[in-house]
Each structure stands twice: as C-alpha cells, then as structure tokens.
Amino acid sequence: MYRLTMLILDARDKFPKGYRYEFGTELMMSAIRCCELIRYANSSLPRRVEYLNEFLVKFDTLKLLLRVCRDRKLINIQTTADIIEMVTSIEKQIIGWRNFTASQEKTASVKPEP
C-alpha cells in the first residue's frame, strides 16, 4: 500500500493543474487513509476485522478515483498498468488477511464441550 501511495503521489504531480489540487489531493488522502487503516489493523487484534472492512470500503473509493484518472487520461498507460497490478495484489492480501482473522476469531469463540 505504501508503494501504491508513492506511485499515486508521483502521478499526481503530473496531473493538469485543474485536477492536481482538488482531485489529486482527494486521491492522495484516500491512499494515506488506507495506509493508516492497515497500521490500525496490524496493532489491534480485537478490532482487526473491523479495520480491514473499513479499509476495503476506503479502498473501493480509491479504486473509483483511480478509474476516473484513467478514464480522464490523467495517468499514463505504464503507470496505470503498475497501479492495476498493485491494486489487485493489495485487495487479495487484505481480503485474505480479513478472512483468516475472522476464521481465527470464530475458532477461538467456539470452545469444544468437555
């Protein structure tokens, strides 16, 4: 997620002025918020699934913003390809992490009868 954030920051610098500050800032802040949510999930086992679900919601917003960038041709083809690859990888990792954590919580809450 950090690498994706850096890629977004680099791409934002090349946006036309009309998009750079308002739209580019929203894109950047969404990416930073996703990084924060990963950090929170990593440091709070009791609320991990909650943070990961919140991440997925914020990440969907980030993906929408990136799609708009692609459709408006604000990001070049190579950067778009790199972003798509990272987005796919991040989403798979987070969903796997969330599902694993949720299954561990279910296992811990179900105690076998003596």
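Throughout this document, residue positions are counted from 1 along each chain, in the order its sequence is written. Restriction of local features to residues with pLDDT of at least 70 applies here, the model being predicted, together with a cutoff of 80 or more for giving and counting side-chain atom pairs; totals for whole chains, interfaces and linings are based on all residues. Each side-chain value is worked out from all heavy atoms of the structure, with water and hydrogens disregarded.

Q: Where do I start with the overall build of the protein chain in this structure?
A: Looking only at helices and strands, the protein chain has 5 helices and 0 strands in total. A run of DSSP states H or I qualifies as a helix once it reaches four residues; a run of E qualifies as a strand once it reaches two. Both are numbered from the N-terminal end. Along the protein chain, helices and strands appear, N-terminal first, in the series α-α-α-α-α. Radius of gyration: C-alpha atoms only; globule rule: 2.2 Å multiplied by the number of residues to the exponent 0.38. For 114 residues, the compact-globule estimate of 2.2 N^0.38 gives 13 Å, and the C-alpha radius of gyration of the protein chain, at 17 Å, exceeds that figure by more than 25%. Taking the principal axes of the C-alpha coordinates as reference, the protein chain spans close to 65 × 20 × 20 Å. Accessibility here uses a 1.4 Å probe with only protein chains present; expressed as a share of the type maximum, an area under 20% marks a residue as buried, one over 50% as exposed, and anything in between as partly exposed. With 114 residues in all, the protein chain has 34% of them scored as buried. Looking at charge distribution, the protein chain has the averaged site of its 19 positive side-chain charges lying 2 Å from that of its 14 negative ones. By the counting rule applied here, Lys and Arg register as positive and Asp and Glu as negative, while His and the ends of each chain are not counted. By convention, the charge on Lys lies at NZ, on Arg at CZ, on Asp at CG and on Glu at CD.

Q: Got a minute to help me understand the side chain of Ser30 in this structure?
A: For Ser30, the location among the structural elements is in helix H3 (residues 22–43). Residue Ser30 is classed as buried on the basis of its relative accessible area, which comes to 1%. Residue contacts follow a heavy-atom distance rule, with two residues in contact if any of their heavy atoms lie within 4.5 Å. With residues near it in sequence (within four places) discarded, Ser30 still touches Lys58, Thr61, Leu62 and Leu65.

Q: Got a minute to help me understand the pattern of salt bridges in this structure?
A: Note on pairing: side chains with opposite charge can pair once their charged atoms come close. The term salt bridge refers to a pairing of a side-chain nitrogen on Lys or Arg with a carboxyl oxygen on Asp or Glu at a separation within 4 Å. Under the counting rule described, the total for this entry stands at 7 salt bridges. Residue Arg70 is joined to Asp71 by a salt bridge in which the shortest nitrogen-to-oxygen separation is 3.9 Å. Taken together, the shared-partner salt bridges connect Arg33, Glu36 and Glu54 into one network.

Q: Mind showing me how you'd approach the packing of aromatic side chains here?
A: Centre-to-centre distance and the angle between the planes together describe a pair of aromatic rings. Two aromatic rings from Phe, Tyr or Trp, using only the six-membered ring of Trp, form a pair when their centres are within 6.5 Å; if the ring planes differ by under 30 degrees the pair is stacked, by over 60 it is edge-to-face, and anything between is tilted. According to the stated counting rule, one finds 3 aromatic pairs in the structure shown. Ring geometry for Tyr40 against Tyr51: centres 5.5 Å apart, planes inclined by 45 degrees, an arrangement best described as tilted. Of this pair, Tyr40 sits in helix H3 while Tyr51 sits in helix H4 (residues 48–71), and the two are 11 residues apart along the sequence. Overall, the relative accessible area of 12% leaves Tyr51 in the buried class. Relative to Phe59, the ring of Phe55 has its centre 5.1 Å away and its plane inclined at 20 degrees; by these criteria the two rings are stacked. Of the two residues, Phe55 and Phe59 are both situated in helix H4; the distance of 4 residues between them amounts to about one turn of the helix. Since its relative accessible area comes to 0%, Phe55 is described here as buried. Taking relative accessible area as the criterion, Phe59 reaches 0% and is therefore assigned buried.

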